[in-house]
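So the chains spell out like this:
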Amino acid sequence: DAHKETLGFQTEAKQLLHLMIHSLYSNREIFLRELISNASDAADKLRFEALENDSLYEGDSDLKVRVSVDKEARTLTISDNGIGMSRDEVIEHLGTIAKSGTAQFLKNLTGDQKKDSKLIGQFGVGFYSAFIVADKVVVTTRKAGFPASEAVRWESAGEAEFSVETVEKADRGTSIELHLRSDADEFADDWRLRSIIKKYSDHIDIPVLMQKLQTSEEDKDKAPEDEVVNTATALWTRSRSDISDEEYKEFYKHVSHDYADPLTWSHNRVEGKLDYTSLLYVPEHAPFDLYNRDGARGLKLYVQRTFIMDDAEQFLPLYLRFIKGVVDSNDLSLNVSREILQKDPNIDTMRTALTKRVLDMLTKMAKNEPEQYAKFWTEFGQVLKEGPAEDFANREKIAKLLRFASTHTDKPEQDQSLDDYISRMQEGQDKIYYIAAENFNTAKNSPHLEVFRKKGIEVLLMFDRVDEWLMSHLMEYDGKSFQDAGKGELDLGKLDSEDEKQAQEKQAEELKPLLERVKKALENDVAEVRITHRLTESPACVVVAEHEMGAQMRRILEQAGQ
Ligand code: ADP
Ligand code: MG
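Remember, predicted model here, so these are calculated numbers, not experimental data.

(A) Local environment of the overall build of the protein. A count of helices and strands for the protein gives 19 helices and 19 strands. Here the protein, with 562 residues, has 36% of them falling under the buried criterion. In the protein, the share of contacts with a sequence separation of at least 24, taken over all contacts with a separation of at least 6, comes to 71%.

(B) Molecular detail of unusual backbone geometry. Despite not being glycine, R74 shows a phi value in the positive range, around 55 degrees. Its place among the elements puts R74 in the loop between β2 (65-70) and β3 (75-80). A tally of 17 C-beta atoms within 10 Å means that R74 is categorised as partly exposed. Phi at R305 is positive, roughly 70 degrees, even though this residue is not glycine. Here R305 shows up in the loop between β12 (299-303) and β13 (306-312).

(C) Inspection of the site of ligand 1 at higher detail. Taken together, the neighbourhood of ligand 1 is formed by 16 residues, with N38, A42, H93, G126 and F127 sitting nearest. By residue number, the principal contributor to the shell around ligand 1 is helix α2 (residues 30-52), which donates five residues.

(D) Layout of α2. Here α2 contains 23 residues, and its C-alpha end-to-end distance of 34 Å stays within 8% of the 33 Å for a straight helix at 1.5 Å per residue. Here α2 lies mainly inside the structure; 17 of its 23 residues are buried.

(E) Local environment of the confidence of the model for the protein. Here the protein averages 88 in pLDDT, while 88% of its residues score no lower than 70. For this predicted complex, the interface confidence score (ipTM) comes to 0.99, while the overall pTM stands at 0.78.

(F) Summary view of the nonpolar core. With 67 residues, the main nonpolar core has I323, Y434, I435, V459, L460, L461 and M462 as its most contacted residues. Among the elements that take part in this core, helix α10 (residues 345-368) stands out by supplying six residues, more than any other. With residues up to four places along the chain from it excluded, the contact list for I435 reads A443, S446, H448, L449, V459, L461, M462, D484, A485 and G486. The next biggest cluster of nonpolar side chains, apart from the first, holds 52 residues, and it includes L16, L35, V67 and V208.

Conventions we followed
- Residues numbered from 1 in each chain as written.
- Chains lettered and ligands numbered in written order.
- Predicted model: local features only at pLDDT ≥ 70, side-chain atom pairs only at ≥ 80, totals over all residues.
- Helix = DSSP H or I, 4+ residues; strand = E, 2+ residues; numbered from the N terminus.
- Buried ≥ 20, exposed ≤ 12 C-beta atoms within 10 Å, placed from the backbone.
- Contact = placed C-beta atoms within 7 Å.
- Near = placed C-beta within 6 Å.
- Expected span 1.5 Å × (residues − 1).
- pLDDT = per-residue confidence, 0-100.
- Core = buried A, V, L, I, M, F, W, Y, C linked by C-beta atoms within 7 Å.

Rendered as structure tokens:
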């Protein structure tokens, strides 16, 4: 039986639908990119499943999308012969938002339409964008391998509810019929549609078909033919010089499900012992689950241009989990699995090479586009700081990419590199001084800094949670060791003059009795009392011994219940 039921959208989906219809108004044409992108994903999924089970093709392995218009009915239909959906899948995928971080996303909304549409951009709303141009959407779909009688019809006006019922559909795949809103006539125009497809979906590797335009009188008698509107070759297989920046950007949106442009990318073909192509992108915005170390990450893996899996996380280390893109290998087997990837020594080789590519791409951006790099640092700097601990071999390279706040600027912006610091080091200074505290102001106002300020020695100000972890793995940079300005005996070494040293020794002698008395009074609380030259204004301060845990680390461990 058809078993028609009406269901309510998940609350978040409802909110999102409403928002999208109202805030993406200025860029309505993107709905077509989203629907074609889904059709292409569906083709990828079918090809992958068919590797194991050829019968899923039902004799039709020529995968494609078709866009057609019915001017009189004012409908636009996007149909594919991809994997299709079962009834349960329809309800799940077209009734809820399964992606993590939805609640956080909605919390981030401001009510300001301009800002919110940017946020929606980061979130990616895919299928629901159909409602930007349609006041009714009908999806008819049949999953590959299911009988014709088990197709599903989904219908909604994009408000609170949708209905699903079981219907007949002879051909496999999904057809999406949009009933255009009264102000969306432009999307029933053939030329307009072609130009949108060229603009956004040219890189899609399956053909996008439209009915050939009938120009001459003769044509009128012939049956209408289809023609391919896009280039229909996987973008990464083309040569770099043939691909425009616009095409690279559109492809990024397709693979990342992001609406914003990427900051930069790197496209490379490697031939030799291993043969593979990679196209790696740095996004402009951090995803909401960046700090969830179990969140989705990794590259889209293809083997000889056949899609194998999303989120293949074996190709990059965890601290580069924000990188998006594609890797297409000619060496791996088509039935490679996550388990196999974990064991394959070739993957380690690729991972080393891809890691280097990413670090080189970031180094280049830092050098040539410092403004872009500053944006990158704001979004991803904290994750990059996990690098030296995770990737010993690339420690120096990563360190070069780090940015810090410093007493040189005395501002909370992390915009000073270690090379900047070194270029300002004093004559005779051989260490890089830093101080870690729980926030910028505490770091900046630390009494430990008094003597440094007096002597004009720069100190890096660290106040991110990850900083103490970082510094426990970063021993030196460019041959200079790091020194915590708040720890242990302070030896400004060659920076003190002979006169200063003599004066200090004399003072120490005179103050000995005082020290004895203070030590006695604080017997139970401190390990040692000593004269210091690090203070110029405060009378005294507490110092952690050289090899003890720093205050910040101690707080983190305490919070973690240790
Ligand atoms: P995303 O593509 O980012 O997953 P969408 O909102 O675009 O999000 O689509 C939601 C889900 O609906 C997809 O992940 C897919 O499972 C399903 N879907 C959408 N369109 C199609 C289609 N043409 N064929 C098969 N499944 C589809
Ligand atoms: Mg999508």
